[in-house]
Amino acid sequence: MGLLKCATNFLCRAVRLKGLKYSTRAKMKPGYQQANVVILHKDLADDFEAFCRANSSPLPLLYRSKCGEWSCGPLATGSDIREDCPGYCVFENGVLMKKVASLSSYTPQLQDMVTFYLGCSFGFESALKAAGVPVRNVEQGKNVSMYKTSVACIRAGQFHCPMVVSMRPVPEDKLDNAAQSTHGIPLAHGGPVHIGDPKLLGIQDLSQPDYGDPVKQCPGDVPVFWACGVTGVEAVQSCKPALAFTHSPGCMFITDQKAETISPLTLEPAQCHLSFCISQNPQHYSIASKRAVQQIRAIEELVVEDPGSRGIRALFLQDELLKACLSLSHSSSVLITTGFPTHYMHNPPEETDGPPGAIAMAAMLQALRKEVVIVTDGRALEMNQHIMRDAVKKGVIKTAVPVISFQSNGPDSALHFLCHDGDPTKPRFDHLVAIERSGRATDGNYYNMRGVNIKHLVDPIDDLFTTASTIAGITTTGIGDGGNELGMGKVKAAVKAYMPNGNLIACDVAADFAITAGVSNWGGYAVACALYVLNLCPIHWRYLHSGLGLSLTPDQQSLWMACLPTVAKEEEMLHILVKYGVRSGKTANLGLEVDGLTFHPYHSDIIQQLRNLTLA
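An unreviewed UniProt entry annotates the protein chain as D-glutamate cyclase, mitochondrial of Sinocyclocheilus anshuiensis. The record held by UniProt for the protein chain lists under Sequence similarities (unreviewed entry) the comment "Belongs to the D-glutamate cyclase family." The Subcellular location (unreviewed entry) field of the UniProt record for the protein chain holds the comment "Mitochondrion matrix".

This is the structure we're talking about:
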């Protein structure tokens, strides 16, 4: 056994032959963990370790050497860091001065230096292959493509820099496999930090990597990005030490340790990844755990219950709630609109469905630190501002949301409303949500469920949605319970086929996501609950913050929980609406009723069930 071990160690050292490309060396020793290398003066070592700990996705620390230690016993027996990388970069005052094949000539300086061995994404390529994911850079005999991003790492001491990512094209039907097989290997950077359009990471041209080789995509491939240990090179350049060394990108230190692979059969639902496309313009995918997805699907099923027997199940599309909330979770600024003046014979003509759901969504979005604005009809602006003021006073929402109106003064009015200076590259909002908002029909009119035209009471807020559909980076969601609501044009064919007066009343304006609910308020409550579930999901949280987000705190969770709908808050909200003369949609009753259903027991029961599902 001793002779066999010595022979194995000798072979391990022998594979670190100078002049061989990564692809050649990897074939000589496949399936072994590789390491990025950063060598710094001992005075910077503690700061750099802190930087690695704070940014563990790009810089997973495998081993920190002692000062002047060449070997790395825990990772590779008989190693010598001066010789074991095929290439090294030499930095002076943060500037790359040259690349060398050996550091032996720097032995005197290395006596006062510390070596950091950092996990490398090449270590998970065997896991990708085991999961049936093609590795295009290996297929093409190239080094992986690596790019500097606009994502700033968390600063520690003297170290700060943008994160570097590696990119591997992955077939769309293999995205879940790619995410799942790598997430469980944090010492090789873990799961992806972004899937989709590289511009969302500040990368302008995939054909021009900052490090490595350009890798071609095959038809049906999606670019997938992982945090990359070359971030350490950027950190050295930002800190500007008098002398520092790194491996040359693509020329890693190869350890004696087998790279990990993860069997999906052994994973619990909280560990399993599911990916969803949340935008095509730009292309953007998000990720959540199977457990979180199951919870949100249960929430979605609950709110599509149809106590009024209106047949709204025919309009239902599965996972619209999930995908809308994934998109909202990535958003920074959200515009919400509501208001359905169905009671044209009363003043005000509004109904009690819509505003409670809008404020419930706004409360959760605020807690998640999104900017939120509500837009409504000009004739109802003052009333809605008073309703918002009372909602804050009564504790329904913590902070007042600005309530504004939109008027069309020309063909570019919507563009100027949505974008700074009317520039479509500078949108003010990245998500628009309509909940129980009158939607424009094919003939240009607006109809209530009885087929009465109420166009004279409705401002052209639909124009914001039609214009948003032409602007990259703005996503839209519609929430409705009959098919005549803004955004429900996505299910227009079903509305015409199955809803009373469907051919007349069906909204013609589609949203990217159409959430169907038995009562639209329930859809708003469901959005608030689903956002809570997503942001408590560690897999989604990590992805949302590009692998750099700090851990959730109990204070954050408590804040978000306090913003969930409760029976008491929603009953108080109905009292506020009744105070201003807002009536039930179906019956026009002025009381604690929505769509002809009394608050107790119908709405209160749904709210409590939603909380039970959310907090399970």
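Q: What is the right way to look at the domain arrangement of the protein chain in this model?
A: By a frequent convention, interface size equals the accessible area lost on bringing the separate parts together. Entries for the protein chain in the domain assignment read domain 1 (30–264) and domain 2 (273–549). Centre-to-centre, using C-alpha coordinates, domain 1 lies 42 Å away from domain 2. On the side of domain 2, 14 residues touch domain 1, which itself brings 26 residues to the contact. Interface area, domain 1 with domain 2, both sides summed: about 1,700 Å², of which 55% is carbon and sulfur. Three residues stand out in domain 1 for area buried against domain 2, namely Asp176, His183 and Ile195, and they jointly supply 27% of the buried area on that side. Inspection of the region where domain 1 meets domain 2 yields 0 salt bridges. Counting across the interface, domain 1 meets domain 2 through 12 residue pairs in polar contact (both at pLDDT 80 or more). Considering every element that reaches the side of domain 1 that touches domain 2, the biggest residue donor is helix H7 (residues 175–183), with 5 residues. In the side of domain 1 that touches domain 2, the residues fall into 14 nonpolar, 9 polar and 3 charged.

Q: Sorry, what's going on with unusual backbone geometry here?
A: As a rule of thumb, non-glycine residues mostly have phi less than zero, and peptide bonds are mostly trans rather than cis. Following asparagine 347, the chain continues into proline 348 via a peptide bond in cis, with omega recorded as 5 degrees. Considering the arrangement of structural elements, one finds proline 348 in the loop between strand E14 (333–339) and helix H11 (355–367). In this model, histidine 600 is joined to proline 601 through a cis peptide bond whose omega is 10 degrees. Of note, proline 601 is situated in helix H21 (residues 599–614). In the Ramachandran plot, aspartate 421 falls in the positive-phi region, its phi being about 60 degrees despite a non-glycine side chain. Following the sequence through the fold, aspartate 421 ends up in the loop between helix H13 (413–418) and strand E17 (431–437). According to the relative accessible area criterion, aspartate 421 is exposed, its value standing at 68%. With a phi angle near 65 degrees, alanine 588 is a residue other than glycine that sits in the positive phi range.

Q: I tried to follow the packing of aromatic side chains on my own but got confused; where do I start?
A: Within a pair of aromatic rings, the relevant descriptors are the distance that separates the centres and the angle that separates the planes. A complete count under the given rule lists 11 aromatic pairs for this structure. A centroid spacing of 5.9 Å and a plane angle of 50 degrees characterise the contact between tryptophan 541 and tryptophan 560, whose relative ring orientation is tilted. With tryptophan 541 in helix H18 (residues 538–544) and tryptophan 560 in helix H19 (residues 554–562), the pair connects residues that are 19 residues apart, well separated along the chain. The two residues tryptophan 541 and tryptophan 560 agree in class, both being buried. Among the aromatic residues, those joined into a ring-pair cluster are Phe48, Phe51, Phe116 and Phe159. In this structure, arginine 168 is placed above the aromatic ring of tryptophan 226, and the distance from its NZ or CZ to the ring centre is 5.6 Å.

Q: Before we go on, may I ask you to explain the sheet that holds strand E13 (residues 283–289) in this structure?
A: Paired through their backbone hydrogen bonds, the strands of a sheet run either parallel or antiparallel. Strand order in the open sheet formed by 6 strands is E6-E7-E9-E8-E13-E12, and the pairing between neighbours is antiparallel. Edge positions in the sheet fall to strand E6 (145–152) and strand E12 (273–280), since each has one partner strand and no second. Strand-to-strand, the axes of this sheet are offset by a mean angle of 35 degrees, without reference to chain direction. As defined by bridge partners, strand E8 (residues 194–196) adjoins strand E9 (residues 221–227) across 2 bridges and the pair is classed as antiparallel. Bridge pairing in E9 links isoleucine 195 to valine 224. Contacting strand E7 (162–171), E8, E9, E12 and E13, H7 crosses the sheet at an angle of about 130 degrees to E12. The sheet contacts of helix H9 (residues 290–303) involve E12 and E13, and relative to E13 the element is tilted by about 95 degrees.

Calculation rules
Residues numbered from 1 in each chain as written. Predicted model: local features only at pLDDT ≥ 70, side-chain atom pairs only at ≥ 80, totals over all residues. Heavy atoms only, no water. UniProt positions renumbered as here; feature names shortened; annotations may be inferred. Domains from an automatic or database assignment. Contact = heavy atoms within 4.5 Å. Buried area = accessible area lost by both parts, 1.4 Å probe. Salt bridge = Lys/Arg side-chain N within 4 Å of Asp/Glu carboxyl O. Polar contact = N/O pair within 3.5 Å; in protein donor to acceptor, adjacent residues only side chain to side chain. Helix = DSSP H or I, 4+ residues; strand = E, 2+ residues; numbered from the N terminus. Nonpolar A, V, L, I, M, F, W, Y, C, P; charged D, E, K, R; others polar. Buried < 20%, exposed > 50% of the residue type's maximum accessible area, 1.4 Å probe, protein only. Phe/Tyr/Trp six-rings, centres within 6.5 Å; stacked < 30°, edge-to-face > 60°. Lys NZ or Arg CZ within 6 Å of the ring centre and 35° of its normal. Pairing = 2+ DSSP bridges. Axes fitted to C-alpha atoms, helices over the stretch in contact; angles between N-to-C directions.

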